[in-house]
Amino acid sequence: MAAGGGGSPSIVEYFGGEDGYRCGYCKNESGNLSHGMWAHSMTVQDYQDLIDRGWRRSGKYVYKPIMNQTCCPQYTIRCQALRFQTSKSHKKVLKKMLKFISKGDVSKVVSEEEPMDSHIEDVVPSDFAYKSESQVSQTELTPLNEDHAEGVENEDKDKVETKEEVNVKKVESGSLQIPVDKDAAGPGEPSHSSKTVHAPPKPGKGADLSKPPCRKAKDIRKERKLQKLLQNQMGTLEGSPLQAGHQALLSQNSKTPTNQHKSIEDFIFVSLPDDAPHKLEVRLVPVSFEDPQFKSSFNQSATLFAKYQMAIHKDTPSECGENEFTRFLCDSPLEAENPPNGPECGYGSFHQQYWLDGKIIAVGVIDILPYCVSSVYLYYDPDYSFLSLGVYSALREIAFTRKLHEKAPDLCFYYMGFYIHSCPKMRYKGQYRPSDLLCPETYVWTPIEQCLPLLELSKYSRFNQDAKAVDEGRIKELGRVRVLHKRTIMPYSVYKKRRKGPSDEASVQQYASLVGQTCSERMLLFRS
């Protein structure tokens, strides 16, 4: 569970990732390859930095696909929420919900242009995530007092460290209370990681993301007319700043006045008639049994999860019971934090519950992190599939991200989990524009429009076209990796001297290279 506080460091067990598992996308029995670790606890800043290096969580299991080996490469995708533009199909979904609430209209005809309703489907709540579950006792995970840890860290005579470097834990305790003083345009991810829908996509359906969106002939004619008029009046202005101004004017005039400034909020936050037949309420509930709202709604939420899993993903009752629900969607390693300069709800794991006329019809599981809202999973009542709740909830979460940004300026991205180009039914995530994909080698964000042509040529691709660019966050000093051994915090350089038995340097090197230098020096790697 996400717990209060925020002063303790992240503690993880690294499991490697040599074994292959069944792929939920192409159904390859052993083609799904990933590195994994069990997170006993994790700060929101550490998880933010991890997802910005291609990691993702399923419950307390945190995994990173081996991109150049796995059968279906999974690229971290984020939407720039502040610049998000609703598409025609998005507006249809928002209008459909509004008509249902305000008038009771029920439209069960799904638009041909509408993206898949099962939004953000990534993680299967079984398989690898729980084959590697930790067996370590809580006592072993509790570090001894800081003075003892300081003495151990100073034991490394090969390095000269200042007291500030040695006493990392004290420094972290303070810094974790201010998790948003980072460059928002830099690192930031995660989304609705859900199980995959097994129905194959219908041929010819869905937008071609490599091409510009369709426009009305009337708008095109208006734009051409205006273009001709401006050319006659101004002559040739090619390359001049004045031309750029006229191009902006053209763009504005090409839109119809009624929809010109319509945002998500314009569709969502509208006044309803007093006699509206339905009432929809969205509640944000912290994932904690200490929270009265979470506790009181737990049974209803768990029942809805089981109904969804059995109807949509054909689970058996034993595969979606209360224990599975708790382990997959309620157990979170994230430590709740409430810094004064953060959002009012704080950071951590939450359930966003959609209450229709007094009952829960959908739940979006989300993580609120320093730079983003990361969508984890969505489950809903299949009886309300006609409302396209997958798409609707994604749009609500984008609007929610924009709202949080007002109080926490660095929080401005909506992470949608993984984009899988080799799986056609997962390409719909690219329709939430503008969006970026994470380069799997240099961990820099690249506009999806630049990535798509590369992915058409090869399912695995490096997006950063600078051949000399490297991973700036790569491990540089293995000895500085922090280790928790026998309840004592120490640098790996000290642990290595104390360790008995065969060397584990190769495993620690792999772990550090995957999490990066910053996280490896902040998190505690458990060693038995």
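Here the structure is a predicted model, which is why all the values come from computation and not from measurement.

Caption draft 1: Summary view of the overall build of the chain. Counting its regular elements, the chain contains 15 helices and 16 strands. Counting across all 528 residues of the chain, residues that qualify as buried make up 54%. Roughly 24000 Å² of accessible area belongs to the chain as shown, and the carbon and sulfur atoms make up 52% of that amount.

Caption draft 2: Up close: the packing of aromatic side chains. All told, the structure shown has 20 aromatic pairs when counted by the stated rule. Between Phe-325 and Tyr-379, the aromatic rings sit 5.9 Å apart at their centres with planes inclined by 85°, giving edge-to-face as the arrangement. In this pair, Phe-325 is assigned in helix H11 (residues 322–330) and Tyr-379 in strand E10 (residues 372–380), connecting sequence segments 54 residues apart. For Tyr-379, a relative accessible area of 0% translates into the label buried. Connected via pairs of aromatic rings, a cluster forms that spans Phe-289, Phe-294, Phe-298, Phe-305, Phe-325 and Tyr-379.

Caption draft 3: How the structure looks around the pairing of strand E3 (residues 32–41). Taking burial as the measure, the ten residues of E3 include ten buried ones, the bulk of the element. Of the strand pairs in this sheet, strand E1 (residues 11–16) and E3 are connected by five bridges, and their pairing is antiparallel. By the bridge assignment for E3, Tyr-14 is matched with Met-37. Pairing between strand E2 (residues 20–21) and E3: two bridges, direction antiparallel. In the strand pairing of E3, Gly-20 is matched with Leu-33.

Caption draft 4: Up close: the sheet that holds E10. Strands sit in the order E7-E8-E9-E10-E11-E6-E12-E13 across an open sheet of eight strands; the sheet is mixed. Where the open sheet ends on each side, the last strands, each with one partner, are strand E7 (280–286) and strand E13 (445–447). The average angle at which neighbouring strand axes cross in this sheet is 35°, direction not considered. Sheet topology places strand E6 (residues 75–80) next to strand E11 (residues 413–419); five bridges connect them, and they run antiparallel. If you follow Arg-78 over to E11, its bridge partner there is Tyr-415. Lying on the sheet, helix H1 (residues 44–51) is in contact with E6, strand E8 (348–356), strand E9 (359–368), E10, E11 and strand E12 (435–438); it crosses E10 at an angle near 85°. Packed on one face of the sheet, helix H10 (residues 292–312) meets E7, E8, E9 and E10 and runs near 65° to E10.

Caption draft 5: How the structure looks around the pairing of E12. On E12, burial covers both faces: Ser-435 and Leu-437 on one face and Asp-436 and Leu-438 on the other are all buried. Bridge count for E6 against E12 is three bridges, and the pairing is antiparallel. Within E12, the position partnered with Arg-78 by the bridge is Asp-436. Judged from the three bridges that link them, E12 and E13 form a sheet pairing that is antiparallel. From the neighbouring strand, Asp-436 faces E13, where its bridge partner is Pro-447. A loop of six residues connects E12 with E13, the two strands running antiparallel in sequence, and Tyr-443 in this loop sits at a positive phi of about 55°.

Caption draft 6: Just the pattern of salt bridges, in detail. Per the stated rule, a full pass over the model turns up 18 salt bridges. Note that Lys-307 and Asp-381 form a salt bridge whose closest N and O atoms lie 2.9 Å from each other. Placement of the pair is Lys-307 in helix H10 and Asp-381 in the loop between E10 and helix H12 (389–407), with a sequence separation of 74 residues. Overall, Lys-307 belongs to the partly exposed group, its relative accessible area being 34%.

Caption draft 7: Structural view of the nonpolar core. Within the largest apolar cluster, 120 residues are counted, with the highest numbers of intra-cluster contacts made by Met-37, Tyr-377, Tyr-379, Tyr-432, Leu-437, Tyr-511 and Met-523. If you tally residues by element for this core, the top one is H12, at nine residues. Counting residues in hydrophobic clusters, the runner-up holds six residues, among them Ile-11, Leu-141, Ile-489 and Leu-524.

Caption draft 8: How the structure looks around the confidence of the model for the chain. Overall, the prediction assigns the chain a mean pLDDT of 82, with 72% of residues at 70 or greater. Contacts for the low-pLDDT stretch residues 1–6, under 50 throughout, to residues beyond four places or in other chains number 27 contacts. Note on residues 234–257: pLDDT under 50 across the span, and 22 contacts to partners over four residues away in sequence or across chains.

About the thresholds
- Residues numbered from 1 in each chain as written.
- Predicted model: local features only at pLDDT ≥ 70, side-chain atom pairs only at ≥ 80, totals over all residues.
- Heavy atoms only, no water.
- Helix = DSSP H or I, 4+ residues; strand = E, 2+ residues; numbered from the N terminus.
- Buried < 20%, exposed > 50% of the residue type's maximum accessible area, 1.4 Å probe, protein only.
- Areas by Shrake-Rupley, 256 points an atom, 1.4 Å probe, with all protein chains shown as cover.
- Phe/Tyr/Trp six-rings, centres within 6.5 Å; stacked < 30°, edge-to-face > 60°.
- Pairing = 2+ DSSP bridges.
- Axes fitted to C-alpha atoms, helices over the stretch in contact; angles between N-to-C directions.
- Contact = heavy atoms within 4.5 Å.
- Salt bridge = Lys/Arg side-chain N within 4 Å of Asp/Glu carboxyl O.
- Core = buried A, V, L, I, M, F, W, Y, C linked by side-chain atoms within 4.5 Å.
- pLDDT = per-residue confidence, 0-100.

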